[in-house]
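Each chain, written out:
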Amino acid sequence: MGAANAKTSLSVSFTETKSVAKPLTGHNKNDPISFKKQSCQNSPTNLSFNDRSPRFVEDIILVWLDATLEKPNESTQKTLGQLVRVTNIIKTFSDLEQCFQFIKSIENEQIFVIVSGSLGQQLVSRIEHFKQVHSIFIFCGNKANHEQWIKPYKKVRSLHTQARELSETVRYQIRQYDKSITSISILPDESSIELNSSNKEFIIYQVMKIILIEIQYDKTFRREFMNYSRQFYSNNSFQLNIIDTFEDNYTLHSPIWWYTRRCCIYTMLRRAFYLQDSEIIYKLAFFIRDLHRDIKKSYLQVHNHQHRPISLYRSTRVTVEMFTYIEKNHDGLLAFNDFLLTTLERSMALKFANALRKDPQVIALIYKIDIDPVSSSVPYISLNNLSYLSDTEGEFLLSMNTIFRIQVMEKLGDRLYEVSLIPVTKKDELIRKLTEYIQTSTANIPGWYKLSKIMMDAHEYNQVESLYLYLLSQIDENRREERAYLLHELGYIQDLKNNLPSAINYYKQVLESCQKFLPNNHAALATTYANLASVLQKQGDLLGALNYYQQASKTDNADELNNIIQSNNIATVLQAQGKYSEAQRTYESSIQTLLQNFPTAQSVLADTYTSLAGLFYGMKDYKKALINYQKVLDIEEKSLPVNHSTLTSTYFNIATTYDGLEKYKKAIPYAEKAVEIAVIAFGNDHFETEENRDYLEHLLQQIQDIEF
């Protein structure tokens, strides 16, 4: 990837198969005649990964509000100097409203708030209910003045009059929070593995792990990380000094030593895995690989001859929702996504778990990890004599993304459970299925592009965008074909996210770039021409769309199947222009050719039947529309996996057609299937699922209104 590791970049060519513009659900969905669909502008996929502001590279932010911070005196400066050593990201405010607006803007990070006594009550009453606010500390001149009003506010941890005492308390609370967070993913025990909302996180992490530990990195990557990280710590001289030391003396210490120093490298890595912050993962990829190799090397040197089983413990907090999910999949696999710090002492784990369950909103878990060195190859290492810290007696570090099978979940008390885990081997049936799925899905795809393929299949468009932008930044200008390929894919993602102007810009960049090394009628340009036409059509520029569809059909060596696809595309423009008879003849001609000459092109045939059905639906000829939608369903039920996302639109369209025929009871089963598959394919809270569910509720209400 990039000049820094060209030999392992395994780049792609512009002639590779590129993404073809299609709706998220495979087919366009009808507008129900009796129900107004939500605007796609409400879709969560409409947001770019760069849109969230401000940008942080750690999970924890310390906010300090005090009127004296407008003109800090010597005492204030001294306190600030102490807090800089407590945590790495500190935001100071002297204005109450500015502080409140900042806290309100934070979405994913956890905020620890220090507020002066004079402003405390005004701020606390406004932020107590914010989920991003973890803890509040009152820094005042007299505790007695505040002991009464803070009582209703559970997030107010303590009152302080001394800066040193405050700093130590905040440090302790932040460390406790960090210890309580454990990033996991679950792979349900399924008869066959198909990517869906319940397993996609697990599979994405597995592919990412494979890539991270295989790719080679050199000093260029380390230097890029330093330059990247410095911009986020420009006001923290303490962390800037550590970054400088890391750059100059990286090889003087082991990666384990650097990780256990708990500096910004540690906290950035924690965030990267916990929040799936792809940008940080790419920047720290060299360190992730080095740390994994260091743990593995140390394990082979120290523990390879150990034959005595050991049990390691890790206490954590989980939401009720996550606990239910773990309990539901108790026979599946559990992976720790991050590097995992554990202890040999169960009593310490139990003590910490009991402290965690004081929060009534969470459930405390103790992961008991039983490792038999004879049968397991899980790399782990005792931190004695290897850690930056001296107080690591009994602590062990496991490498990232270790996979275990859940054995037993035992209740120890109210909201307190112990989950027993054992490592899995390559012989495990579910691991075998997973390996086979990954190998099949990413066959002949190089390097990081394996991960992008899985992410695209999982509809994780923001993450794919982040990866492609990173790859684009790493690729030399002279690698024109790979850059053109990435620009095309970025255009496709913007199209999916309904960011049409950006999609057009990317596609036009592709065409402009390709003029330098390809003729205008080169076959590789057909997909870009067609995708650009599709976006222009969505914007209402029918003449522009028609022009690019025609260019796609005139590309060199275009085969008959491509001609059919482009003819169908042109027919959609004719349909939009109100030339229904001409569009109908084109669709019907395409269907005859496909049936006679392309019996295996089932997806193209289904698309064409869908277009013809949509034409009839728009003309309110619901009987003919239904006949063609049924043909689509017959094809897709035979050729697609049972819960494939494309089926959601087909079931939805059949439901809307029965709705048009006023056969509401017949519409219900299809609307239910559309919801059922959307939940599996996209997740319970996804826009597509919500839209399908709203329509189902509308149909049920229609029947109720008729009957009563």
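Residues numbered from 1 in each chain as written. Predicted model: local features only at pLDDT ≥ 70, side-chain atom pairs only at ≥ 80, totals over all residues. Heavy atoms only, no water.

**As for the overall build of the protein**
When helices and strands are tallied, the protein shows 28 helices and 14 strands. Scaling as 2.2 N^0.38, a compact globule of 708 residues should have a C-alpha radius of gyration of about 27 Å, and the protein matches this with 29 Å. In terms of overall dimensions, the protein has C-alpha extents of about 80 × 65 × 55 Å along its principal axes. Looking at the protein as a whole, 55% of its 708 residues are labelled buried. Of the roughly 31900 Å² that the protein leaves accessible, carbon and sulfur atoms contribute 47%. Across the protein, the 77 positively charged side chains and the 81 negatively charged ones have centroids separated by 3 Å. (Helix = DSSP H or I, 4+ residues; strand = E, 2+ residues; numbered from the N terminus. Rg over C-alpha atoms; globule rule 2.2 N^0.38 Å. Buried < 20%, exposed > 50% of the residue type's maximum accessible area, 1.4 Å probe, protein only. Areas by Shrake-Rupley, 256 points an atom, 1.4 Å probe, with all protein chains shown as cover. Lys, Arg positive; Asp, Glu negative; His and termini not counted. Charge placed at Lys NZ, Arg CZ, Asp CG, Glu CD.)

**Concerning unusual backbone geometry**
Even without being a glycine, Q276 presents a positive backbone phi close to 50°. One non-glycine residue, R415, adopts positive backbone phi at about 55°. In this structure R415 comes out as partly exposed when scored by relative accessible area, which is 22%.

**Some details on the packing of aromatic side chains**
Overall, the coordinates contain 35 aromatic pairs when judged by the stated rule. Residues F336 and F404 carry aromatic rings whose centres are separated by 5.7 Å and whose planes lie at 70° to one another, so their mutual orientation is edge-to-face. Of this pair, F336 sits in strand β8 (residues 333-336) while F404 sits in strand β13 (residues 402-413), placing them 68 residues apart in sequence. Here F336 matches F404 in class, with each residue buried. The side chain of K179 reaches across the aromatic face of F352, ending 4.5 Å from its centre. The positively charged end of R262 is found above the aromatic ring belonging to Y266, 5.1 Å away from the centroid. (Phe/Tyr/Trp six-rings, centres within 6.5 Å; stacked < 30°, edge-to-face > 60°. Lys NZ or Arg CZ within 6 Å of the ring centre and 35° of its normal.)

**Some remarks on the packing of helix α23 (residues 580-597) against helix α24 (residues 602-618)**
Working note: a packed helix pair is described by the angle between its axes plus the distance between those axes. For the pair α23 and α24, interaxial distance at closest approach is 10 Å and the crossing angle is 155°. On the basis of their axis angle, the class for α23 and α24 is roughly antiparallel. You can see that α23 and α24 cross each other, and the crossing is left-handed. For the pair formed by α23 and α24, the contact residues are Y580, A583, Q584, Y587, E588, S590, I591, L594 and L595 on the first element and V604, L605, T608, Y609, S611, L612, L615 and F616 on the second. Of the residues assigned to the contact of α23 with α24, the class counts are twelve nonpolar, four polar and one charged. (Axes fitted to C-alpha atoms, helices over the stretch in contact; angles between N-to-C directions. Parallel < 35°, antiparallel > 145°, perpendicular 65-115°, else oblique. Left-handed = near helix turned anticlockwise from the far one by under 90°. Contact = heavy atoms within 4.5 Å. Nonpolar A, V, L, I, M, F, W, Y, C, P; charged D, E, K, R; others polar.)

**Some points on helix α20 (residues 526-538)**
Between its terminal C-alpha atoms α20 stretches 19 Å, which fits the 18 Å expected from 13 residues at 1.5 Å a residue. Where burial is concerned, most of α20 is hidden: eleven out of the 13 residues are buried. Of all the positions in α20, only A526, T528, Y529, A530, N531, L532, A533, S534, V535, L536 and Q537 are classed as buried. The elements touched by buried residues of α20 are α18 (480-496), α19 (500-514), α21 (542-553) and α22 (560-576). G540 lies just past α20 and shows a positive phi near 90°. (Expected span 1.5 Å × (residues − 1).)

**Digging into the nonpolar core**
Residues I103, V113, I138, F287, F339, W448 and L451 are the most contacted members of the largest nonpolar core, which totals 182 residues. In terms of residue count, α24 provides more of this core than any other element does, nine residues in total. Discounting residues that sit within four places of it in the chain, I103 has contacts with V63, I111, V113, I127, F130, Q132 and V133. Of all hydrophobic cores here, the second largest spans 25 residues; its members include I186, I363, L398 and F404. (Core = buried A, V, L, I, M, F, W, Y, C linked by side-chain atoms within 4.5 Å.)

**Concerning the confidence of the model for the protein**
Per-residue confidence for the protein gives a mean pLDDT of 89; residues scoring 70 or more make up 94%. A low-confidence stretch, residues 1-9 (pLDDT under 50), is modelled with 23 contacts involving residues beyond four sequence positions or located in other chains. Every residue in residues 39-52 is under pLDDT 50, and counting partners more than four places away or in other chains gives 31 contacts. (pLDDT = per-residue confidence, 0-100.)

**Here's the deal with the pairing of strand β10 (residues 362-371)**
Remember that side chains alternate between the two faces of the sheet whenever the strand is regular. Burial analysis of β10 places eight of its ten residues in the buried class, which makes it a mostly covered element. Both strand β7 (residues 310-319) and β10 contribute to a ladder of ten bridges, which runs antiparallel. Residue pairing across strands places S311 opposite D370, the latter belonging to β10. Bridge count between β10 and strand β14 (residues 416-423): six bridges; the pairing is parallel. Residue pairing across strands places K368 opposite S420, the latter belonging to β14. (Pairing = 2+ DSSP bridges.)

**Details of the sheet that holds strand β2 (residues 90-93)**
Read across the open sheet, the five strands follow the order β2-β1-β3-β4-β5; overall the sheet is parallel. Each edge of the open sheet is held by one strand with a lone partner, namely β2 and β5 (156-160). Adjacent strand axes in the sheet meet at a mean angle of 20° when their direction is disregarded. In this sheet, β5 lies alongside strand β4 (residues 133-139) in parallel orientation, the contact comprising four bridges. Bridged to F139 within β5 is H160. The sheet strands contacting helix α3 (residues 96-105) are β1 (60-65), β2, β3 (110-116) and β4, and the helix crosses β1 at an angle near 165°. Sheet contacts for helix α4 (residues 117-127): β1, β3, β4 and β5; angle to β3, the most-contacted strand, approximately 145°.

**Side note on the environment of Y313**
Within the secondary structure, Y313 sits in strand β7. A relative accessible area of 9% places Y313 in the buried class. Remark: the alpha-carbon pair of Y313 and L350, spanning 37 residues in sequence, is separated by 9.0 Å. Y313 has contacts with T342, T343, L344, E345, R346, A349, I366, Y367, K368 and E418, leaving out every residue within four places of it along the chain.

**With respect to the environment of I703**
For I703, the position within the fold is in helix α28 (residues 687-707). For I703, a relative accessible area of 13% puts it in the buried group. Counting along the chain gives 39 residues from I703 to Y664, while the straight-line C-alpha distance between them is 6.6 Å.

**As for helix α16 (residues 447-457)**
Taking burial as the measure, the eleven residues of α16 include eight buried ones, the bulk of the element. Along α16, the residues classified as buried are G447, W448, Y449, L451, S452, I454, M455 and M456. The inward-facing, buried residues of α16 contact α6 (200-214), α11 (278-283), α12 (285-302), α15 (429-441), α17 (461-474) and α18. Phi for H459, located one or two positions after α16, is positive at around 65°.

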